[in-house]
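Structural characterization, general
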Amino acid sequence: MKLVFMGTPDFAVPCLTALQEAGHEIAAVFTQPDKPKGRGYALTPPPVKEMALSYGLPVCQPATVRDGEAEALLREIGPDAVAVVAYGKILPPALLEIPRYGCINVHASLLPRHRGASPIQWAIVCGDEKTGVTTMQMAEGMDTGDILEQAETPIDPDETAESLHDRLSHMGAKLLVQTLQDLEAGTVVPEKQEEALATKAPLIRKEMGQMNFAKTAAELHNLARGFYPWPGAYTTLGGKRLKVLETRLAAGDGAPGEVLCAEGRLTVACGEHTALELVRVQLEGKKPMTAADLLRGHPIPAGTRLGE
């Protein structure tokens, strides 16, 4: 097929690679403009741009796709399909109508569950036992288009958003190639999404990582896994921020936030008579370390309350 690819972050790179290796003609790659990063605020290209240039593909980085220029370029190219993977811009209706097979989006959830910007993180935070990837015919709404194909995978009880992201990015690449092949063969039957089953996966804010120990240990374990590595789960210890990098379900009972054990390991009481072990932490001003290492240099009396 003659394709246009639209994508920006690391998640989209395996899809671009898979399309290139499958022999599709990629006439153009749209990605977000370079952005300043790091201490020196040097302009840094997005991962998709770097991969596209390594293949010698033409790259477009419009500040907007709503001024008519993107539409004119797409009409000039005349792609069979536009593959959209975490592009970061909402396409206007005029663009959606141009390709013969439409604009095909790869979404990192089993739609209609977790529509929105952060499906990977929310699948873990919500305690889902499975997730997956969906190829979808793009429509005007946010992730509301007809489902083309799906692939699912279990979520490991201790899996983080970081590792799930990597798995789903490669699953999405494989499914995208398969979906384009099936579209061309005429074997795909688009399926309307069930609105009653729809849930949202909104943008994540830093403050969402604050741990409320009135919640159960399982809920906080999911929070720490789902928000790793960003924005990260956190609480406070003696007025200092304590980032919680890794957790484990434990046994114990006490007032929510009460330190139950601080000898060799750090266990905290949570809601509904549950307890959580903080396995790896980072105290404000310190490097990440195991809780055991923290306790050797920073003893915590049993009965101390975190989050106060």
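The notes below deal with the structure included here. (Residues numbered from 1 in each chain as written. Predicted model: local features only at pLDDT ≥ 70, side-chain atom pairs only at ≥ 80, totals over all residues. Heavy atoms only, no water.)

**Let's talk about the overall build of the protein**
Counting its secondary structure elements, the protein contains eight helices and 15 strands. Across its three principal directions, the C-alpha atoms of the protein cover 70 × 45 × 30 Å. Out of the 308 residues in the protein, the part that is buried amounts to 49%. Contacts spanning at least 24 positions in sequence make up 65% of the contacts within the protein whose residues lie at least 6 apart. For the protein, the accessible area works out to roughly 15,100 Å², and carbon and sulfur atoms hold 51% of it. Within the protein, the 39 negative side-chain charges are centred at a point lying 7 Å from the centre of the 30 positive side-chain charges. (Helix = DSSP H or I, 4+ residues; strand = E, 2+ residues; numbered from the N terminus. Buried < 20%, exposed > 50% of the residue type's maximum accessible area, 1.4 Å probe, protein only. Contact = heavy atoms within 4.5 Å. Areas by Shrake-Rupley, 256 points an atom, 1.4 Å probe, with all protein chains shown as cover. Lys, Arg positive; Asp, Glu negative; His and termini not counted. Charge placed at Lys NZ, Arg CZ, Asp CG, Glu CD.)

**Some thoughts on the state of the cysteines**
Counted under the stated rule, the structure contains zero disulfides. Of all cysteine sulfurs, the one in C103 lies closest to C15, which takes part in no disulfide; the gap is 15 Å. Distance from the sulfur of C103, which forms no disulfide, to the nearest cysteine sulfur (C60) is 14 Å. (Disulfide = S-S within 2.5 Å.)

**Regarding the pattern of salt bridges**
Taken as a whole and assessed by the stated rule, the structure comprises twelve salt bridges. Salt-bridge contacts for R113 lead to D128; the nearest nitrogen and oxygen are separated by 2.8 Å. On the criterion of sequence distance, the pair formed by R113 in the loop between strand 7 (103-107) and helix 5 (119-125) and D128 in the loop between helix 5 and strand 8 (130-137) is long-range, its members being 15 residues apart. On the basis of relative accessible area, R113 is assigned to the partly exposed category, the value being 31%. D128 gets classed as buried once you look at its relative accessible area, which sits at 14%. Note that E159 is salt-bridged to R167, the shortest N-O span being 2.9 Å. Residue E159 is classed as buried on the basis of its relative accessible area, which comes to 8%. The exposure class of R167 is partly exposed, given its relative accessible area of 31%. (Salt bridge = Lys/Arg side-chain N within 4 Å of Asp/Glu carboxyl O.)

**Thoughts on the packing of aromatic side chains**
Evaluation of the coordinates by the stated rule reveals one aromatic pair. Aromatic side chains W122 and F227 sit 5.7 Å apart centroid to centroid with 85° between the ring planes, which places their arrangement in the edge-to-face category. On the criterion of sequence distance, the pair formed by W122 in helix 5 and F227 in the loop between helix 7 (217-226) and strand 10 (233-237) is long-range, its members being 105 residues apart. Exposure class is identical for W122 and F227. Each is buried. The aromatic ring of Y234 is capped on one face by R241, whose charged end is 3.8 Å from the ring centroid. (Phe/Tyr/Trp six-rings, centres within 6.5 Å; stacked < 30°, edge-to-face > 60°. Lys NZ or Arg CZ within 6 Å of the ring centre and 35° of its normal.)

**Overview of unusual backbone geometry**
Backbone phi values are negative for most residues with the exception of glycine, while trans is the configuration of most peptide bonds. Here the bond from L111 into P112 is cis, since omega is 10°, no more than 30 degrees from zero. You can see P112 is positioned in the loop between strand 7 and helix 5. Omega for the peptide link from Y228 to P229 comes to 10°, which places this bond in the cis form. Residue position: P229 is located in the loop between helix 7 and strand 10. Positive phi, close to 50°, is recorded for A86, a residue that is not glycine. Since its relative accessible area comes to 36%, A86 is described here as partly exposed.

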